[in-house]
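In case you want the letters, here they are:
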Amino acid sequence: MNIFKQLTIVIGLSLSSYSYAAEFNNQCTNGLSQGISFTTNCEIKEVFGGKTYCFSGEAARAAFLANPQEVINKASAFYAKNTDKAVKDVESEREKISQADALKQINSTTCDLSNKDAGYLEFDKMDLRHCKMVNTSFFGAYLRGANLSGANMQKSYLNLARLEDANLSGADLTDATIFQAIFDKTNFQGANLTNARMIGTLGNVNMSDATVIRGRFGLDIGNQPMGAMRFDAIGGKFAHTNFEGADINRSNFRFADFRGANLRNTDLFRADFSKADLTGADITGAKFGEAILDETIMTNVKGLEAIKGYEESKGKCIDCTITAAQPESKVETLQKVSAIDMMTAENPAVKVCNIRGARF
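Keep in mind it's a predicted model, so treat the numbers as computed, not measured.

Participant: Any details on the sheet that holds strand β7 (residues 231-232)? Residues and values, ideally.
Facilitator: Strand order in this open sheet of 3 strands is β5-β6-β7, and the pairing throughout is parallel. Looking at which strands have only one partner, the edges of the open sheet turn out to be β5 (177-179) and β7. The pairing of β5 with strand β6 (residues 197-201) spans 3 bridges and is classified as parallel. Paired with I178 across the two strands is M198, which belongs to β6.

This is the structure we're talking about:
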C-alpha cells in the first residue's frame, strides 16, 4: 500500500469518527432552530459539513435537509443563547423507562417520574395526580383522559403528546414545552403555565383562571422551517386568565372568552379576536398592531388608550370607546370627546367604532 492510499484511509477514518460526534449534545437540531430543546438518542441523524446533527424524527430531518445551513445557524444561535439551560438538560439525562417501569412508579405511593423519558408510553385514563413529573418527557405519549390535576410538571415536555380529554387543571407546568400536541376538550383550568412554550390547535380548550405570565404561545416567524404553526384556540375559554407579558402574537382566538382576563403588556400582533368577548379585560400596554377586532366585545375593557399599534387594528369592535378623562365641570364633559369618538360619530355616547384603517 503506497503512502497516498495510507493517508487517504487515515483521513477518511478521522472524518468518519468526527462526523459521529453529534453537535448540540445530541439535541434535535431542527427543534433548536425553533427555540425548543429536546435531547435525542441520535438514531435519526444527518452528516453535513463533516458534522453530525441529530433529529427527533424523520420530519425534522426532512425540514433540515430543505435548508441545512439556515437551520444550523438558527439552532446555533438559540443553543449559544441558552447554553446553561441546554447543559442542565443534558446533565439531568432523562432516563428512558419502559411501560413496566412507569406502571411500577404509578402504582406506588411515592410515584416519581422526574427526569425520566416516558416518550410514546401509554397513560390513557390513568390517575397521575400523586406523581412528581419534573423535567419528564412525554414526547408522543398517550395521556388521553388522564388525570393530571394539580400535578407538579415543571419543565416537562409534552411535544406531540395525545392530550384529548386530559385533566391538567391546577397543574404546575412552569417552563413546560407543549409543541404540536393533540388536544380535544383538554382542561388547563387554573394551571400554572408561566413561561411555558405552547404551539398547536387547541380547539375548545378550557384555560380559564390559568396563569400564563410570560407564556410563549405566539408564532416565531423566524423559526418556522416546517411552515407556519401557531396557537389556534377558536372558542377557547380564557376567562380571568393572567397573560401578563405573554407573547401570543398571530394567535387565533375567534369566538374565545377573555372576560376579565389580564392582557397587560402582551404581544397581540395580528391576533384574531373576531367575535371574542373581552368584557372587563385589562389590555393596558398591549401591542395590538394589525390585530383583528371584528365584532369583538370590549365592554368595560381597561387600558384602551394605551394600546400600542391600535391604529392599525382591523374590524369593528363593540363598546371600544375610550372614555375621556374626568373633567372639572359638566360643560367640559360635553366638550371633551375621545379621539375614537371624534372619528366614529359626533355623539360621544356612541359605543360602536369602526377602526379599519383609522389612525389616532
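Participant: Would you mind going over the state of the cysteines in detail, with residue names and values included?
Facilitator: What the rule picks out here adds up to 3 disulfides. Each disulfide pairs two cysteine sulfurs, and for C42 the partner residue is C54, the sulfurs being separated by 1.9 Å. Between C42 and C54, the S-S torsion sits near -80 degrees, and that sign places the bridge as left-handed. Within this pair, whereas C42 is found in the loop between α2 (29-33) and β1 (44-48), its partner C54 is found in strand β2 (residues 51-55), the two being separated by 12 residues in sequence. As far as burial versus exposure is concerned, C42 and C54 are alike and both buried. Sulfur of C28: no disulfide; nearest cysteine sulfur belongs to C54 and is 8.6 Å away.

Participant: Just give me the short version of the side chain of T186, but keep the residues and values in it.
Facilitator: Summarising the element assignment, T186 is placed in the loop between β5 and β6. The class for T186 is buried, based on a relative accessible area of 1%. Looking at T186, its side chain comes within polar contact range of the main-chain oxygen of L163, at 2.8 Å.

Participant: Tell me what's going on with the environment of P68, and back it up with residues and numbers.
Facilitator: If you trace the backbone, P68 turns up in helix α4 (residues 68-81). Spatially, the C-alpha atoms of P68 and N30 are 9.3 Å apart, while their sequence positions differ by 38 residues.

Participant: So what's going on with the pattern of salt bridges? Residues and values would help.
Facilitator: Counted under the stated rule, the structure contains 10 salt bridges. Between R264 and D282 there is a salt bridge; the shortest N-O distance is 3.0 Å. You can see R264 sitting in the loop between β7 and β8 (316-318) and its partner D282 sitting in the loop between β7 and β8, a full 18 residues away along the chain. Overlapping salt bridges, with partners in common, bring together E46, E58 and R61 in one network.

Participant: Tell me what's going on with the packing of helix α3 (residues 58-66) against α4, and back it up with residues and numbers.
Facilitator: For the pair α3 and α4, interaxial distance at closest approach is 5 Å and the crossing angle is 110 degrees. Classified by the angle their axes make, α3 and α4 are roughly perpendicular. In this structure, α3 uses A63, F64, L65 and A66 to contact α4, whose residues at the interface are P68, V71 and I72. The class makeup of the residues in the contact of α3 with α4 is 7 nonpolar, no polar and no charged.

Participant: An account of α3 is needed here, citing residue identities and associated values.
Facilitator: Buried residues of α3: A60, A63 and F64, and no others. Mapping the buried residues of α3 onto a view down its axis gives an arc of 100 degrees, with all of them on the same face. Buried residues belonging to α3 abut α2, β1, β2 and α4.

Participant: An account of the side chain of R94 is requested, with residue identities and associated values reported.
Facilitator: You can see R94 is positioned in the loop between α5 (83-92) and β3 (95-96). Residue classification places R94 among the buried residues on the basis of a relative accessible area of 17%. At a separation of 2.7 Å, a polar atom in the side chain of R94 contacts the main-chain carbonyl oxygen of N135. If near-sequence neighbours (up to four positions away) are discounted, R94 is found in contact with N115, K116, D117, N135, T136, S137, K155 and Y157.

What counts, and where the lines are drawn
- Every chain is numbered on its own, with residues counted from 1 as its sequence reads.
- Since the coordinates come from a predicted model, pLDDT governs what is reported: local features require at least 70, and pairs of side-chain atoms require 80 or more to be given and counted, while whole-chain, interface and lining totals use all residues.
- Where side-chain values are given, they derive from all heavy atoms of the structure, hydrogens and water being excluded.
- Strands qualify as paired when DSSP identifies two bridges or more between them.
- Numbered from the N terminus, helices here are DSSP runs of H or I no shorter than four residues, and strands are runs of E no shorter than two.
- Cysteine sulfur atoms that come within 2.5 Å of each other are treated as a disulfide pair.
- Burial classes follow relative accessibility: with a 1.4 Å probe on protein chains only, a residue under 20% of its type's maximum area counts as buried, one over 50% as exposed, and anything between as partly exposed.
- N or O atoms closer than or at 3.5 Å make up a polar contact, with two conditions inside protein: a donor-capable atom paired with an acceptor-capable one, and, for residues adjacent in sequence, both atoms drawn from side chains.
- Salt-bridge detection follows one rule: a side-chain nitrogen of Lys or Arg within 4 Å of a carboxyl oxygen of Asp or Glu.
- Only the stretch in contact is used when a helix axis is fitted, and all axes are lines through C-alpha atoms; the angle between N-to-C directions ranges over 0 to 180 degrees.
- Oblique is the label for any angle not covered by the other classes, which are roughly parallel (under 35 degrees), roughly antiparallel (over 145) and roughly perpendicular (65 to 115).
- Here, two residues are considered to be in contact whenever any of their heavy atoms come within 4.5 Å of each other.
- Under the grouping applied here, Gly and all other residues not named as nonpolar or charged are polar, the nonpolar ones being Ala, Val, Leu, Ile, Met, Phe, Trp, Tyr, Cys and Pro and the charged ones Asp, Glu, Lys and Arg.
- Note that the arc is computed from the directions linking the helix axis to the C-beta atoms.

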